[in-house]
Amino acid sequence: MSAGLSALDTFPKLLLQHAKVRADLPAMREKHLGIWQTWTWKEVADEVRALACGLAAAGFKRGEHLAIVGDNRPRLYAAMCAAQCLGGIPVPMYQDAVAAEMAFPIQNAEIAFAVAEDQEQVDKLLEILPNCPALKRIYYDDPRGMRHYAQPQLTAYDKLLEEGREALRRDPAFLEAEIAKGSGADTAAMFFTSGTTGSPKGVVLTHHALIDRASAAAELEGLNERDVVLAYLPPAWIGQNVFSYAQPFVTGYCICCPESAETMMTDMREIGPTYYFAPPRVLEALLTQVSIRMEDAGALKRTLYRYFMDLAQRVGGAILEGRPAGFANWLLYRLGDLCVYGPLRNVLGMSRVRLAYTAGEAIGPDLFRFYRSIGINLKQLYGSTETSVFVCIQPNGQVKADTVGPAVRGVELKFTPQRELLIRSPGLFKEYYKNPQATIEAKDAEGWFHTGDAGYVGEDGHLRIIDRVKDVGKLIDATLFAPKYIENKLKFFPYVNEAVVFGDGRDRVCAFVNIDAEAVGNWAEKKNLSYSGYTDLASRDEVYALVRECVEKMNADLALEPELANSQIHRFLILHKMLDADDGELTRTRKVRRGAIAEKYHELVAALYDGRQTVHIEAQVKYEDGRIGTLSADLKVRDAQTFGAAQVQKAA
Amino acid sequence: MSARAHPVGEVVLSVENVSLSFGGVKALQGITFDVREHEVRAIIGPNGAGKSSMLNVINGVYHPQQGTIKLRGREFHDMNSHEAAKMGIARTFQNIALFKGMSVLDNIMTGRNLKMRCNFLQQALWIGPARREEMAHRRAVEEVIDFMEIQHIRKTPVGKLAYGLQKRVELARALAAEPTLLLLDEPMAGMNLEEKQDMCRFVLDVNDHFGTTIVLIEHDMGVVMDISDRVVVLDYGKKIGDGTPDQIRTNQAVIDAYLGVAH
Amino acid sequence: MNVAFFFEVLIGGLLAGVMYSLVALGFVLIYKASGVFNFAQGAMVFFAALTFISLVERGLNFWLALVVTLAVMVVLGIAIEKVVLRPLVNQPPITLFMATIGLTFVLEGLSQLVWGSQPHGLELGIQDVPMEWLSQSTGINISQFDIFAAGVAGLLVAVLALFFQYTRIGRALRAVADDHQAALSVGIPLKHIWAIVWSVAGFVALVAGLMWGARNGVQYALTFIALKALPVLILGGFESVLGAIVGGLIIGASEKLAEVYIGPMVGGGIESWFAYVVALLFLLVRPQGLFGEKIIDRV
Amino acid sequence: MFYREAGQFKSSYAEDQQIFPIRQDRIGITALLLVVFVAVPLLGDQYWLSAIFTPLLIFALAALGLNILTGYAGQLSLGTAAFMAVGAFMAYNFMLRLPWLGVIPSFILAGLCAAAVGVVFGLPSLRIKGFYLAVATLACQFFVLWAIQRWGWITNYSASGVITAQKMVILGFPFDTPALKYLLTLSIVTLLALLAKNLMRSETGRAFMAVRDMDVAAEVIGIRMMHTKLLAFAISSFYCGVAGAMYAFCYLGTVEPEAFTLDLSFRVLFMIIIGGTGSILGSFIGAAFITLLPIFLNVMFGGISHLLGVEIPHAVISNLELIIFGALIIFFLIVEPHGLARLWQIAKEKLRLWPFPH
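Small disclaimer: the values here were computed from a predicted structure and weren't measured.

Colleague: Looking at this model, I keep getting lost on the overall build of chain B. Mind explaining?
Modeller: If you tally the helices and strands in chain B, you get 10 helices and 10 strands. Against the compact-globule benchmark of 18 Å for 263 residues, chain B has a radius of gyration of 19 Å, which places it among compact chains. Across its three principal directions, the C-alpha atoms of chain B cover 60 × 40 × 40 Å. Burial analysis of chain B (263 residues in total) assigns 57% to the buried set. The long-range fraction of contacts in chain B, counting pairs at least 24 apart against all pairs at least 6 apart in sequence, stands at 66%. Accessible surface computed for chain B: about 10500 Å², of which carbon and sulfur atoms make up 51%. For chain B, the distance from the average position of its 30 positive side-chain charges to the average position of its 32 negative side-chain charges is 5 Å.

This is how it looks when you write it as structure tokens:
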């Protein structure tokens, strides 16, 4: 493939190539009407050709944008490619966005053509139509419920296809020429990223960027046409789009679309993907489901499960990576594989997974280890929309819970003095659409992309991301202080629900901790510790001891990371109440508002640093019914042991 | 949303002077009304008004002592269920009448029995035509499953389903027969608000998508007034009102007998 | 055709029918109260008769043996309720029916295991001979024993009627038969009702066992008389005591008449199936039986 | 636990509707067929083949027949033995009177005769239901036996009513050893079981179940009640008839009408109750259970008397067997009213979901 790669520099060209060399292999499957309807590469190519001709006949021009609104559907992916055939730029949009959120991208990119999945999406587009006068054609795939829609903008996908076939018959040469006109430097697609502030930005990615990154990762992992991927995340997210469009177009593997969100798990089990991608929250939800379902199991199964999961924790990772673990362990692990791990992978639909990625946010080490220990080759990667995803990937045999791996072929990394990660790679975006200001801010003249993430590359060559740059501070001795990194580390302990750490501009790091009511509650129950409520529980010495253990474990961990050894937590207190978005302590997406908390609880912060053993607090709380009451409590402040690196290594 | 896809047409079913009694109980007395093509026709009335009996007469479960039923120009003194089904009448029941021992898929497949042509010998051999027929009908049934949004339960035994879903499956089974006239006996009874909204949408979608004429019995007055074109009101086996929802709302006899009385 | 002979056959048949009714009564009682089609009724008859005769043969006084057997039947009824019926509550009728077939085997095996399997004669002091005064006056031969059996059956029905009419338990039983839910809601524990009704059925089985045992001897073949009672049941309706009596009379009479007048034409031995065909033909006209309730399919 | 279904997806309805959609099941059934077709005849001794496996298969076929009627179509029948008798005696007559016909066609015709009798005695089912119908089928049981005993033509005027099955020769090849008879039985039973499975997963089977589950609704969606019920009687009786013919020809050899008493009907009924109503597999499991149980009990009592050194009288053993048999039936009904097939199904479901409980 690599020989002809330069010629195959756009997705449409790749498609035509697949239609030639693996014409009858499955390109896409979709669970529809009870079975996995299958499109071969040839069928996809035929559909795309007809669609492209239809779009051209309807007046779709080179350089124009085509909005794609809907879930993972083969026809929508075909529409993406059809637009690219004509030199157009598909703009996938989140299917769960409300109408108002769709207006900006459509106005911004002056979108005239849109392909929508069904009535629901059409309704949203029609709603914003008055604000988007440019939008003149909406094609819909599923005609259900649209019989009496009389808007002149609406056309059925099938009609478009039919017209396209007609046009293709009349002038078969047209499309070949159009496709040939495309080059790798052309824009392939535009993805809108929802910035935390301001309007979304359209990230413009070229064919070259996407193809280069997709093939770099594919080469690293040895992906091939026999691989299978389940497309279940929003296609408007680059993460999904790369796995279900760019990479299959590069390697020729098959993507499968579930029937509906409700049947996703069943569909995944049926299709048995070999290549899997999930953000940590999905993996977490899955693990929770596993735990809950195992709770209901009989004593024998639970015992088996516990025994073998313990074993897996100890030796699973080693065995997965082919490191020696002892023959007896190996034999036991095989037994466990027969009784627990194998069946577990099977019911999760992961029996055939040979490569799984997680990315997007930090993943808890326990969660990460769980999947690896049952024999799923879960790895971390680092990337973003602006980098066409693949920046760093953990290669097989070098998988660690706290890194995102070394740079993939072609990527250069460097850091600013503020430790901001800068990236240069063939996969970088061209620009933010119609936003030169933002483009200049993000991508400097030398082509370095400013990620906004703070991190460092360890001795092992692996990149570690610690925090957003804007959150990173310094201790008084000018060493690095990365609050979110530490908070996350604490939150990975099941007993800790939320943590807020302080230290910017101070001599040491101290923390507020929210205990996890359920986990600590269960723990207390087992200890026969009676308590009257959350506040009572949170103030128990036993609970403080429990939390201190967590804190000290983390301190020991931190001691091993030279950059962060000084960020060990010296003192902490357990808050008397859960942090709550209603009280302005968390954002609506449950992110800690560190500043607001520091201000609100300044007395407590002061106590952390002045050596007091207890501190009195009186706070106003809003009850659910709107009443306001006061809560007063005496909170204890406790010290935690900190370590030197040598100390920990000796202990280990 | 503009004009309906299938405008209301000619009278397809007329019930003329139908009386039905069980022993001494007069369930229906001289009922006359008609149903037009593509319309949604509601039958309402207090408990025991004879609504279900009326549906049972229309599709031949009960045989009236008096009166005639005209269906698409053919006149019947009493229908039999098989004949009614062959003439394109399908229905659902007040107390769900699904086949408890079968899966959702099989239940809906039974709805297509009249369209199957292969004999049992061919079926037993599972040879060409029988197999092809089975697959073709499976596909048709899958379309219905898709339409009714019950993909996630297609292989589940119906007995295990929640009530609201069972109601949906029952409607799906009726739809599988591709009826021209659909009788719905309290399709929303016992449902929560969300399920009712869903069911309303399905009923309207059926009418809109397939142009199916629908006769429905329903207790929820809001629903009836919202979705039906015309309404018949029964009370103690007699017809006391007939007209558009607006006319019914202002009909004094109806108000006295039914709407005025809290129930 | 000889009229006297016709009447002799007819009356003989009617009286034989009473014997069928005796067995059918046991079925009806249980079906009415618990909805169980008790196939083990025949085995219960056998069990009761065998227990009684074995006790008598071991020297027990007739009445004492009767009381002891009755006690055994009550214990049996309670045991059946506890071990078989209660765990099967809310199962479909066919499951309960199958359970009673299993029960049949257990009872048959048990009675023969305890008492041995040799046949016994049972003497009640009534001769199975024609009544002389009747033969002499009308030329019709009617067995004394048949009249006696008819009298016992009549007495039994009367006792049962009084029991249902005037005792608290009897009224409760009727309530249960009418409506299980209603009976529960007025506070009658269903399990007691079932135990009682099975005990009563045991009593009826004992009476039937004595009658049939006295006529044919107490032997394994007694279990087959249940099969004789079945056509009576479908003719009379499973739920009607009156139906059991009338059905028994009809079956008894028509069977005897057929045996005498039709049998020779087709090679004889038709009593094995004739009753069934009569009942079957009758059902085609009235599917719910003579006194059964009309079933309206409500949908 | 042993199921690894991830990746077994269906891309056509034919794949989705196959009898064994799970690969592991297909492997299992293939292995089983290999064992019963190859290993058993090679390794089984004469006694096991002729006295256990062959009758077991024949009973399984009769149970399958009854299951079609009772389990699938919901019509309780106590006349199974009668239909078997018709099959046995008619096969004898076809072989006797039309010797050129051959064994298999005779069996088929005998089955068709049974089907015809079944249809006649199924007629009441159009009017009556439940136990009334069950009792009505007893009429068939008694009438047919009576007819066989009384109508000399049927038994070729044999004085005792006993007939001797003719030798079975198919295409010039005699089936006369236990192993060959076993193989013939096995082939017929396997084929008929496959046909039954096909039928039950087709429109006919669904119509049967619809009538069973809710007859009014079945009629309303257009299922013809008379046609369906009579078809159920016909097919069921056909299976029972063929089973009866094989009972005579492959197992007993000489047959008297008394071989087909009500007891036999009950035995077959037990098979489907214990095996599982409405399940093809259940018919086989039930037949195996009911056939093997007495043998097992016999061995057990033999062992016990040997152990205790006392001779247990035969009467005691047979009564104990009766009690245990009856008690086991009650036990099974209480523990799993849907039969062993359901237990297997539950177990399989558990294995598929392992390690999750549900």
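Colleague: Explain the overall build of chain A here, please?
Modeller: Each helix and strand in chain A was counted, giving 22 helices and 27 strands. Taken along the three principal axes of its C-alpha coordinates, chain A extends 85 × 60 × 50 Å. Each of the 652 residues in chain A was classed as buried or not, and the buried ones make up 57%. Counting contacts in chain A only where the partners sit at least 6 residues apart, residues at least 24 apart contribute 64% of the total. In the form shown here, chain A has an accessible surface area of approximately 27000 Å², with 51% of it arising from carbon and sulfur atoms. Charge-centre separation for chain A: the mean point of 75 positive side chains lies 3 Å from the mean point of 84 negative side chains.

Colleague: How do you make sense of unusual backbone geometry when you look at a structure like this?
Modeller: Leaving glycine out, the prevailing phi sign among residues is negative, and the prevailing peptide bond configuration is trans. In this model, D:Trp354 is joined to D:Pro355 through a cis peptide bond whose omega is 5°. Counting through the fold element by element, D:Pro355 comes out in the segment after helix 14 (339-353). The phi dihedral of A:Glu110 is positive, around 45°, even though this residue is not glycine. Here A:Glu110 lies in the loop between helix 4 (99-108) and strand 5 (113-116). Look at A:Glu110 and you get partly exposed, because its relative accessible area is 48%. In this structure, D:Asn156 takes a positive phi of about 55° despite not being glycine. Residue D:Asn156 is classed as partly exposed on the basis of its relative accessible area of 34%.

Colleague: When you look at the side chain of D:Ser265 in this model, what are you seeing that I'm missing?
Modeller: Residue and element names in this part refer to chain D. By secondary structure assignment, the location of serine 265 is in helix 11 (residues 262-275). In this structure the side chain of serine 265 is engaged in a polar contact, spanning 3.5 Å, whose partner is the backbone nitrogen of threonine 80. Ignoring sequence-local partners within four residues, the contact set of serine 265 consists of Leu78, Gly79, Thr80, Ala81 and Gln141.

Colleague: I keep staring at the sheet that holds strand 7 (residues 154-156) of chain A and nothing clicks. Help me out?
Modeller: Sheet strands pair via backbone hydrogen bonds, and the direction of the pair is either parallel or antiparallel. Residue and element names in this part refer to chain A. Read across the sheet, 5 strands follow the order 4-3-5-6-7 without closing on themselves; strand pairing throughout is parallel. Each edge of the sheet is formed by a strand with only one pairing partner; in this case those strands are strand 4 (89-93) and strand 7. Neighbouring strand axes in the sheet, compared pairwise and without regard to direction, differ in orientation by 25° on average. Across 3 bridges, strand 6 (residues 137-140) lies against strand 7 in parallel orientation. The partner of tyrosine 140 across the bridge, within strand 7, is alanine 156. Along the sheet face, helix 3 (residues 74-85) touches strand 3 (65-69), strand 4 and strand 5 and points at about 175° away from the line of strand 3.

Colleague: Just checking my understanding: could you explain a positive patch on the surface for this structure?
Modeller: A surface patch of positive charge is lined by C:Lys32, C:Arg168, C:Arg171 and C:Arg174. As for its position among the elements, C:Arg174 is in helix 7 (residues 168-178).

Colleague: Please explain helix 3 of chain A as it appears in this structure.
Modeller: The α-helix winds at 3.6 residues per turn, so residues separated by three or four positions along the chain end up facing the same way. All names here are of chain A. Helix length check: helix 3 (12 residues) gives 16 Å between terminal C-alpha atoms against 16 Å at 1.5 Å per residue, within 8%. Most of helix 3 is tucked away: 12 of the 12 residues are buried. Where helix 3 terminates, the next one or two residues include glycine 87, which has phi positive at roughly 75°.

Colleague: Mind showing me how you'd approach the side chain of A:Asn514 here?
Modeller: All names here are of chain A. The residue asparagine 514 is located in strand 24 (residues 509-515) in this model. For asparagine 514, a relative accessible area of 2% puts it in the buried group. Excluding residues that lie within four positions of it along the chain, asparagine 514 makes contacts with Tyr495, Val496, Asn497, Glu498, Tyr534, Leu575, Lys577, Met578 and Leu579.

Colleague: Any chance you could explain the packing of aromatic side chains here in plain terms?
Modeller: Considering all chains together, one arrives at 72 aromatic pairs over all chains under this definition. Between the aromatic rings of A:Phe11 and A:Tyr245, the centroid separation amounts to 5.2 Å while the plane-to-plane angle is 55°, which identifies the pairing as tilted. Residue A:Phe11 is located in helix 1 (residues 11-21), and its partner A:Tyr245 is located in helix 9 (residues 238-251); the two are separated by 234 residues in the primary sequence. In this structure A:Phe11 comes out as buried when scored by relative accessible area, which is 0%. Three or more aromatic residues joined by ring pairs make a cluster, and in this case those are C:Phe27, C:Tyr31, C:Phe37, C:Phe39, C:Phe97, C:Phe238, D:Phe131, D:Tyr132 and D:Phe266.

Colleague: Would you take a moment to explain the interface of chain C and chain D for this structure?
Modeller: For interface size, the figure often reported is the accessible area lost on association. The partner chain D presents 37 residues to the 46 residues of chain C that form the contact. A buried area of about 3800 Å², summed over both sides, lies between chain C and chain D, and 81% of it is on carbon and sulfur atoms. When the area that chain C buries against chain D is broken down by residue, the three leading residues are C:Met98, C:Phe105 and C:Trp273, summing to 17%. Inspection of the chain C/chain D interface yields 0 salt bridges. Applying the counting rule to chain C against chain D returns 1 residue pair in polar contact (both at pLDDT 80 or more). Those elements that provide at least two residues to the side of chain C that touches chain D are helix 3 (62-85), helix 4 (93-115), helix 10 (225-236) and helix 13 (274-285) of chain C. When residues in the side of chain C that touches chain D are grouped by element, the largest group, 16 residues, is from helix 4 of chain C. A per-class count over the side of chain C that touches chain D returns 33 nonpolar, 11 polar and 2 charged.

Colleague: Honestly, the nonpolar core in this entry has me stumped. Any pointers?
Modeller: Buried together is how nonpolar side chains tend to be arranged in soluble globular proteins. Core analysis: the largest hydrophobic core is formed by 253 residues, its most contacted members being C:Phe37, C:Phe97, C:Leu230, D:Tyr239, D:Phe260 and D:Leu269. Ranked by the residues each element gives to this core, the list is headed by helix 10 (residues 225-252) of chain D, at 17 residues. Contacts of D:Phe260, omitting those with residues within four sequence positions, involve D:Ala81, D:Met84, D:Ala85, D:Ala88, D:Phe89, D:Gln141, D:Leu145, D:Tyr247 and D:Val255. The next biggest cluster of nonpolar side chains, apart from the first, holds 137 residues, and it includes A:Leu55, A:Tyr357, A:Val404 and A:Leu421.

Colleague: Honestly, the arrangement of the chains in this entry has me stumped. Any pointers?
Modeller: Contacts are most numerous between chains C and D, taken over all 5 pairs of chains that touch. Considering only C-alpha positions, the minimal separation of the non-contacting chain A and chain C is 24 Å.

The rules behind these values
- Residues numbered from 1 in each chain as written.
- Chains lettered and ligands numbered in written order.
- Predicted model: local features only at pLDDT ≥ 70, side-chain atom pairs only at ≥ 80, totals over all residues.
- Heavy atoms only, no water.
- Helix = DSSP H or I, 4+ residues; strand = E, 2+ residues; numbered from the N terminus.
- Rg over C-alpha atoms; globule rule 2.2 N^0.38 Å.
- Buried < 20%, exposed > 50% of the residue type's maximum accessible area, 1.4 Å probe, protein only.
- Contact = heavy atoms within 4.5 Å.
- Areas by Shrake-Rupley, 256 points an atom, 1.4 Å probe, with all protein chains shown as cover.
- Lys, Arg positive; Asp, Glu negative; His and termini not counted.
- Charge placed at Lys NZ, Arg CZ, Asp CG, Glu CD.
- Polar contact = N/O pair within 3.5 Å; in protein donor to acceptor, adjacent residues only side chain to side chain.
- Pairing = 2+ DSSP bridges.
- Axes fitted to C-alpha atoms, helices over the stretch in contact; angles between N-to-C directions.
- Patch = residues over 30% accessible without salt bridge, like charges linked within 9 Å, V, L, I, M, F, W, Y side chains within 5 Å.
- Salt bridge = Lys/Arg side-chain N within 4 Å of Asp/Glu carboxyl O.
- Expected span 1.5 Å × (residues − 1).
- Phe/Tyr/Trp six-rings, centres within 6.5 Å; stacked < 30°, edge-to-face > 60°.
- Buried area = accessible area lost by both parts, 1.4 Å probe.
- Nonpolar A, V, L, I, M, F, W, Y, C, P; charged D, E, K, R; others polar.
- Core = buried A, V, L, I, M, F, W, Y, C linked by side-chain atoms within 4.5 Å.

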